[in-house]
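Fold and contact review
Listed below, chain by chain, are the residues.
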Amino acid sequence: MARSALLILLSLVGLCTTFTDHVVQDKRLGTDRSDKIESYMPILCSPMPASTPPSSVHALTPADITALYTLGMPLSHRDEASRIVRRLTELVSMFNPGVISQHVDQTSLQHRSLLQEAQDLTSSLSHKVTDWKIVLLFLSADSMCACSPQVAADVKAVGHEVEAALQILQKHLHHTLVHVVVWSGHHQEDKMCKCITDEGISQGLQKATLLKALQDSMSHLLTNLARHSKSEDFTVELQSSPIILERNSDSESTRPDLDQSAVQLWTSLLQPSAAQAEVTDSSIITIPCPTKERPFLRTQINSPNERELEILSKVSAPMDYDMGTEMPCTYRSPSPTIPTSVHELRPGDIKVVAAVGDSLTAANGVGAKQDNLLLVLTQYRGLSWSVGGDKNLTTVTTLPNILKEFNPSLTGFSKGTGNQNSQQAFLNQAVPGAKSSDMVPQVRTLVEKMKTDPQIDFHNDWKVITMFVGGNDLCDFCTDSVLFSPENVVDRIRQALDILHSEVPRAIVNLIELLNIVPLRDLHKDTSLGCPSWFVRLVCPCVLKAKEESSELQRLNDFNRAYQYTMRELIDSGRYDSHDNFTVVLQPFFREVFLPKLEDGRPDRSYFTPDCFHLSQKAHTLMARALWNNMLEPVGNKTFTQDFTAGIDLKCPSEENPFFRTAINSNYTFPGPPPTPAPVTNWGSDFSCANTAPSNSVPTSVHRLRPADIKVVAAVGDSLTAAFGAKAKSLLELKTEYRGVAWSIGGDETLGTVTTLPNILRIFNPHIKGMSKGQGKNQTGFNMAVSGAKISEIPGQIRHLIDTMKNDMTVDFQNDWKLVTLFIGGNDLCQYCNDRAALSPENYSHHLTTSLDILYKEVPRAFVNVLEILEIEGLRRIKRDSLGCNVLQKQVCPCFLLPGEDSPELAEVKRINRELQIKTENLMHESRYDGREDFAVVVQPFFQNSILPLNADGRPDDTYFSEDCFHFSERGHANMATALWNNMLEPVGKKQTYNNFTNSRNNIKCPTEEHPYIFTKVNSFPSFTTTPEPTTQTTAQPFTSGCSGSVPAWLAGVLAVIGLVIGWAVTWLLFFYRDKRSKRKMTAEVEMKTTVF
């Protein structure tokens, strides 16, 4: 009766429909639960249905594996290898939780041969006949000298050792799948490898080629073994690519690398899937899983390498591209007499060609077939675009072969293959792997060869010398941004050009502007091309290492452009036009090169060598034509954009313009060195925004808040918001708080002289209130920051702020829109090692939540900026020869600045730095502060990945920091203010997460007509529409949750009657079906009683 009464009561208020909805949901719960479990953590694989252990290794699944064993564990990287194997065991345990891992001789530090390890393993497993197991046989390349002339013999010897070990395993082990893993640890300077220190040896290219040689040797060996093996319970497979560990500065940062290596091993164990793609972003871990169609561990029997064969058949198809060029020029006569001026030099006057540079001039791999990666090490100098002389122009297009059409007696070009010291190299002194620092020795060698060769009249013959370098500097720039800074790189190029200028008469030098290297990344994104990305990561790590849309990739682009610009600046100085028999001309055809594409939109691999990095003969052909055309184009009007797919036709000299074009005969006016900038007197900013109007009426929603609607600014924080020492010029002034220039709350002078967030906002609303001014605490406004404060003190600062605003007669606390900036955490991090419990990330999150809760509950009409703690690591590099820097810096932040490099203490505090950022992000991802229409909290993340400011020499720029080299100077505050403002005008999810500290007066972003509002989580998405605000004034109070408005009385009556009728109907149905069910149950009980003994 109680239940009946409850149902009747529910029906009277019309709620039975809700009740029945819950009944239906409960019935679906059982079927939905498994789906929810599967979707909860999709990164993990689902266990496959249980089956009986297979009799054939070709039908082996991960669930059948009981143990993993290892052989050949590299001594130099035993810890890393062991950790990778542990991770691989974890992946196998998704299918068999009982799987174990073990490697032979875990304690010995002495090297033991593979044969000894194989014999020990077979002895220990002699009793385990029926259990299926995997044996990982590591083949380390670290003990081999990649540049040794005996490297081929070393590879062959290793092959014999592996073959002998595999024969032992095959003879004594059953139910075994062996995987051979070619391994390379971090690059190390091996004292035995003396050739590494030899001039011009490219360690990355040599190491990559050695790994490929080992990989190919193992592939050939295993193919032969498979032909003679008929066993169904034993087979050997080869990892599809080597395991390569990258160098990292601390133990924590190696984890993603080890995780990715373990997943690479796991992926190679499985049958390949058509959907598998190579992941170039090492921070993204994607775990492939067996499928119903491909459930087995990979063997050559169940998974012949069809995909690779398909790729090779496509890329190895003979190219129908013509490598020769028809000579269209009819005017080929030399000058009537040998010219005395380089500005009157015709193509037919050139007697000597020469070149210096790197592997692109040495022509590495130019003549290689697309399926032979090892041939990338071969230098096809006779095919080199700028200095090769193989055959003739009708079959091989190079600059010398073009010039030979004007002067058949040309000399200096290289022929055939070989290194720079071979006789056929002649005046091609380029060296694979060369950087700008190698240009001086290359030029000295070149000059000596020209002086001593009997074919060359050094003083009278006209020479064309081509210099192309910088690519390898860019490939390594991320390892040392000072050594490879644009200024330092071009300075080393200048030194080489200065030698040519002072010592080589009658010469025109082509300086080739560095190519735009970033588009080459696209070749390694499309796995259908089969590009060996592991190979390129060794040769050019900094180009593939950067993640898409990251600060690292932006920095790569910036350096690339800076190299190009600084080269132009050097030549535009006019320093190489001091006499008539020598000049240097910048040839810019590589400045903007579009990656050649196929008809289906994929990159065209035929323009590249087998490594998808160096350029093929097809590309060299077009480069030679482009260089020739650049030489005939006037300075200031040269082609700097090339679309190779469109083809390039040769240009010709004419009777009107028969000369190679120089700055002088092009009537080019050198801009000269840029004028010395006037001394900086302030750190103000220029303002160019046109859309500065407020809303038509005071907005009631924070998601429609324009900059001009803000009436009040406020800030809480520590010494960085108090502007501690911002304008200090001595230690005596360091303790002064220059609050008037504080980035988020200062209001000294105007935006034209002082860049702060309030000064920007004053352009939109001149009557804004709350900014701090001057020094000390006399005019603090609503700047509540306290130097030395920690996160635990922020709730108190916010209480003080609220009281101060309420008591200020100029503030309409209920109706004025307020902008509050919260930036804290530096002192928590800097003192973390002194009180780990109180300053833990958990307590940080608790105090931050408490602070924001107070604002949320008590402050109407507020937009709150929360800044993540800055990445402090870069401050360790800020140095200045002063007492303040040397002593005070470490006292201010001992836990971050005192630990040594690679110490566990530094690794710990770097981890805490990131955890504090993550805690802030996680709090904002919740919907804790989304319940009010007039309140929003937004994380502004520009400090997440701080890029250390560099000066013109590529060294850390200490002008952004105060006398203690820790707190920011006024220049630093101005930069932070701009970065914060720009973050506020960027959508959530697309905000810039780094600050590259580039002071410029015109960096301030503007609101747009399409989106005039400050971005919040709500208005950052396309579904948010910019409907015009109402034109009538509103006095609405802050929005609170709950229903508002009224309903007509007649409608309420109708709804009540409808609810009553529905309730009665549903109640009757429930009673009817329950009564019918009870009768069936009673009948069933009677029938059951008759069969019970």
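Just above, that's the structure.
Residues numbered from 1 in each chain as written. Predicted model: local features only at pLDDT ≥ 70, side-chain atom pairs only at ≥ 80, totals over all residues. Heavy atoms only, no water.

By the secondary structure assignment, Arg605 is in the loop between β11 (592-594) and α17 (617-632). In this structure, Arg605 is buried with no salt-bridge partner, the nearest side chain bearing the opposite charge being Asp611 at 7.3 Å. (Helix = DSSP H or I, 4+ residues; strand = E, 2+ residues; numbered from the N terminus. Buried < 20%, exposed > 50% of the residue type's maximum accessible area, 1.4 Å probe, protein only. Lys, Arg positive; Asp, Glu negative; His and termini not counted. Salt bridge = Lys/Arg side-chain N within 4 Å of Asp/Glu carboxyl O.)

Quick look at a nonpolar patch on the surface now. A cluster of nonpolar residues, Leu731, Leu883 and Val887, forms a patch on the protein surface that exposes about 260 Å² of accessible area. On the basis of relative accessible area, Leu731 is assigned to the partly exposed category, the value being 40%. (Patch = residues over 30% accessible without salt bridge, like charges linked within 9 Å, V, L, I, M, F, W, Y side chains within 5 Å. Areas by Shrake-Rupley, 256 points an atom, 1.4 Å probe, with all protein chains shown as cover.)

Another aspect to go through is the state of the cysteines. Counted by the stated rule, this structure contains eight disulfides. Disulfide pairing is shown between Cys475 and Cys540; the S-S distance is 1.9 Å. Between Cys475 and Cys540 the disulfide shows an S-S torsion of about -90 degrees. By sign, it is left-handed. One end of the pair, Cys475, is in helix α12 (residues 471-475); the other, Cys540, is in the loop between α14 (533-539) and α15 (541-545), and 65 residues separate them in sequence. Here Cys475 and Cys540 have matching classes, each one buried. Disulfide partner of Cys833: Cys895, at an S-S distance of 1.9 Å. The chirality of the disulfide connecting Cys833 with Cys895 is left-handed, given an S-S dihedral of about -80 degrees. With a gap of 62 residues between them, Cys833 in the loop between α21 (826-830) and α22 (841-858) and Cys895 in helix α24 (residues 894-897) connect regions that are remote in the sequence. Using a relative accessible area of 3% as the deciding quantity, one classes Cys895 as buried. (Disulfide = S-S within 2.5 Å.)

All right, on to the packing of helix α19 (residues 757-764) against helix α26 (residues 970-984) then. At their nearest, the axes of α19 and α26 sit 8 Å apart, and the two run at 55 degrees to each other. Taken together, the axis directions place α19 and α26 in an arrangement best described as oblique. Across the interface between the two elements, Leu757, Ile760, Leu761 and Phe764 from α19 touch Ala977, Leu980, Trp981 and Met984 from α26. (Axes fitted to C-alpha atoms, helices over the stretch in contact; angles between N-to-C directions. Parallel < 35°, antiparallel > 145°, perpendicular 65-115°, else oblique. Contact = heavy atoms within 4.5 Å.)

Of all hydrophobic cores here, the largest spans 148 residues; its most connected members are Leu169, Leu497 and Phe590. Top element by residues in this core is helix α6 (residues 203-228). It accounts for 10 residues. Excluding its chain neighbours within four sequence positions, the residues that come into contact with Leu169 are Leu71, Ala118, Leu121, Thr122, Val135, Val178 and Phe234. Core analysis: the next-biggest nonpolar cluster, separate from the first, contains 97 residues, Ile745, Leu757, Ile824 and Cys965 among them. (Core = buried A, V, L, I, M, F, W, Y, C linked by side-chain atoms within 4.5 Å.)

Below, the discussion takes up the sheet that holds strand β15 (residues 862-867). Reading across the sheet, the four strands line up as β13-β14-β15-β16 and stay open at both edges, with parallel pairing between neighbours. Strand pairing shows two members of the sheet lacking a second neighbour, β13 (710-717) and β16 (935-940), which therefore form its edges. Averaged over all neighbouring strand pairs, the angle between strand axes comes to 20 degrees, with direction disregarded. Pairing between β13 and strand β14 (residues 817-823): seven bridges, direction parallel. Paired with Ile710 across the bridge in β14 is Trp817. Running at roughly 150 degrees to β13, helix α20 (residues 794-807) makes contact with β13 and β14 of the sheet. (Pairing = 2+ DSSP bridges.)

The subject of this paragraph is the packing of aromatic side chains. Within the structure shown, the criterion is met by 21 aromatic pairs. Aromatic pair Phe823 and Phe943: ring centres 5.5 Å apart, planes at 20 degrees, arrangement stacked. A residue pair is termed long-range when its members are at least 10 positions apart, and Phe823 in strand β14 and Phe943 in the loop between β16 and β17 (945-946) qualify at 120 residues. The exposure class assigned to Phe943 is buried, which follows from its relative accessible area of 1%. Considering the side-chain rings of Phe961 and Phe968, the 5.3 Å spacing of their centres and the 25 degrees angle between planes classify their relative orientation as stacked. Of the residues examined, Phe961 reaches a relative accessible area of 5% and is grouped as buried. (Phe/Tyr/Trp six-rings, centres within 6.5 Å; stacked < 30°, edge-to-face > 60°.)

Okay, unusual backbone geometry next. Among all residues save glycine, negative phi is the norm, and among peptide bonds the norm is trans. Despite not being glycine, Phe426 has its phi angle at roughly 50 degrees, a positive value. The backbone of Arg861 sits at a positive phi, close to 50 degrees, despite the residue not being glycine. Relative to the assigned elements, Arg861 resides in the loop between α22 and β15. On the basis of relative accessible area, Arg861 is assigned to the buried category, the value being 2%.

On to the pairing of strand β8 (residues 462-468). Burial analysis of β8 places seven of its seven residues in the buried class, which makes it a mostly covered element. Of the two faces of β8, the one carrying Trp462, Val464, Thr466 and Phe468 and the one carrying Lys463, Ile465 and Met467 are both buried. Note: strand β7 (residues 350-357) against β8, seven bridges, orientation parallel. In the sheet register, Val352 faces β8, and the bridge partner there is Lys463. Pairing of β8 with strand β9 (residues 507-512) involves five bridges; the strand directions are parallel. Residue pairing across strands places Ile465 opposite Val509, the latter belonging to β9.

This part takes up the sheet that holds β7. One open sheet accounts for four strands, arranged β7-β8-β9-β10; its pairing is parallel. Each end of this open sheet is capped by a strand with a single partner; those strands are β7 and β10 (582-587). If you compare each strand with its neighbour and ignore which way they point, the axes differ by 20 degrees on average. Judged from the six bridges that link them, β9 and β10 form a sheet pairing that is parallel. From the neighbouring strand, Ile512 faces β10, where its bridge partner is Gln587. On the sheet, helix α11 (residues 439-452) packs against β7 and β8 and is oriented at approximately 155 degrees with respect to β7. Across the sheet, helix α16 (residues 551-572) lies against β9 and β10, angled at about 155 degrees from β10, the strand it touches most.

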